[in-house]
Amino acid sequence: MKIGSGKKKMKCGLAMMAVGFSVLIFGHMSAPSPQSPATSFQSISRIEAGSDVIEFFWYGCAHCKNLEQALRDQQFHRKVNEVVRADGSPASFRRVPATLNPLWTLHARLYFALDNLGMSDEGHFNTMKAVGVSMPKTLAQIRNLLDNQILANEAESNRSFSASAQEVADLMFSSQVDNQISEAERLSKESGISGVPVFLVDSSMVVPLGQGLDYKSIGPAVLSLLSPRHEDFVK
């Protein structure tokens, strides 16, 4: 089964293009201040997101990989959980693989299968690196990458993880993953995203990379939108 995406494949980082049209496309851009980083976002009608912060990504996206490294350096995910929402609960975060074309959807199936099997955050980051280099376009190529690199590396660092390439492949096309793909498609569509990486904050604000936000500043910008006490999180 070969997955192609046409002569002009959709590329990650579309959110970084056409900066001159950013205000028209993505709406409000707030003015920077010493306490609040420059924040560019599009307000959308509130959707059923299920998490306070969603990061849309693609395993094969170089910008997503670079952003993930910056977020890890900033301990971004811990800081999200430290934000207290109005109801007193900690803010929640999850990653959602974008499904904007057949190749991205194939890789999204890989993500969900590995995640359902208990892959660690470090394992997902390593998988992103591996997919970015080899860019598998068929299930056979994905199985080869699983056998030769991904599964062995994860099992070595994560003793609770155990899976074969066949188990991952079977799960990729299971009803469980079918339902997760449908949910990812709904979130991508209702958020109106056209590229990655991009965040959905508080079910109503879309924050793309670019338009004044780089790898190091987008995380603090997301935190500033999530919490009125943003100065506690952007230092």
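Look a little higher up for the structure.
Heads up: these notes are all about the structure in this document.

Conventions we followed
- Residues numbered from 1 in each chain as written.
- Predicted model: local features only at pLDDT ≥ 70, side-chain atom pairs only at ≥ 80, totals over all residues.
- Heavy atoms only, no water.
- Helix = DSSP H or I, 4+ residues; strand = E, 2+ residues; numbered from the N terminus.
- Buried < 20%, exposed > 50% of the residue type's maximum accessible area, 1.4 Å probe, protein only.
- Contact = heavy atoms within 4.5 Å.
- Areas by Shrake-Rupley, 256 points an atom, 1.4 Å probe, with all protein chains shown as cover.
- Pairing = 2+ DSSP bridges.
- Phe/Tyr/Trp six-rings, centres within 6.5 Å; stacked < 30°, edge-to-face > 60°.
- Expected span 1.5 Å × (residues − 1).
- Polar contact = N/O pair within 3.5 Å; in protein donor to acceptor, adjacent residues only side chain to side chain.

### Thoughts on the overall build of the protein
So, step 1. For the protein, the helix and strand inventory stands at 9 helices and 5 strands.
So, step 2. A burial count over the protein gives 51% of its 235 residues as buried.
So, step 3. If you take every contact in the protein between residues at least 6 apart in sequence, the share linking residues at least 24 apart comes to 73%.
So, step 4. Accessible area for the protein stands at about 11,200 Å²; split by element, carbon and sulfur atoms hold 52% of it.

### Overview of the sheet that holds strand S4 (residues 198–201)
So, step 1. Taken in spatial order, the 5 strands of this open sheet run S1-S5-S4-S2-S3, and their pairing is mixed. The sheet terminates laterally at strand S1 (42–43) and strand S3 (93–97), the two strands that pair on one side only.
So, step 2. With 4 bridges connecting them, S4 and strand S5 (residues 205–208) associate as antiparallel partners. Paired with Val 198 across the strands is Pro 208, a residue of S5.

### Looking at the pairing of S4
So, step 1. Judged by which residues are buried, S4 turns out to be covered on both faces: Val 198 and Leu 200 on one side and Phe 199 and Val 201 on the other are all buried.
So, step 2. Direction of pairing for strand S2 (residues 53–57) relative to S4: antiparallel, over a ladder of 4 bridges. Among the inter-strand pairings, Phe 56 is bridged to a residue of S4, identified as Val 198.
So, step 3. Between S4 and S5, which pair antiparallel one after the other, the connecting turn spans 3 residues, and Asp 202 there sits at a positive phi close to 55°.

### Thoughts on the pairing of S2
So, step 1. Taken across its 5 residues, S2 has 5 buried, putting it largely inside the fold.
So, step 2. Residues of S2 alternate between two faces, with Val 53, Glu 55 and Phe 57 on one and Ile 54 and Phe 56 on the opposite face, all of them buried.

### Quick word on the packing of aromatic side chains
So, step 1. Within the structure shown, the criterion is met by 7 aromatic pairs.
So, step 2. Ring centres 6.1 Å apart and planes at 85° place the aromatic pair Phe 76 and Phe 93 in the edge-to-face group. Of this pair, Phe 76 sits in helix H3 (residues 76–82) while Phe 93 is found in strand S3, placing the two residues 17 residues apart along the sequence. You'll find Phe 76 and Phe 93 in the same group, each marked buried.
So, step 3. Geometrically, the ring pair formed by Tyr 111 and Phe 112 is edge-to-face, given 5.5 Å between the ring centres and 65° between the ring planes. As far as the burial class goes, Tyr 111 and Phe 112 line up, both buried.
So, step 4. Here the aromatic residues Phe 57, Tyr 59, Tyr 111 and Phe 112 are joined through ring pairs into a cluster of three or more.

### Focus on helix H4 (residues 102–116)
So, step 1. Here H4 spans 21 Å end to end across 15 residues, near enough to the 21 Å set by a 1.5 Å rise per residue.
So, step 2. Of all 15 residues in H4, 12 are buried; the element is thus mostly enclosed.
So, step 3. Along H4, the residues that are buried comprise Leu 103, Trp 104, Thr 105, Leu 106, His 107, Ala 108, Arg 109, Leu 110, Tyr 111, Phe 112, Ala 113 and Leu 114.
So, step 4. In this structure, the buried residues of H4 make contact with S2, S3, helix H5 (121–134), helix H6 (139–157), helix H7 (165–172) and helix H8 (175–191).
So, step 5. Of the residues flanking the start of H4, the one acting as N-cap is Asn 101, its side-chain oxygen 3.1 Å from the backbone nitrogen of Leu 103.
So, step 6. The first or second residue beyond H4 is Gly 118, which carries a positive phi of 100°.

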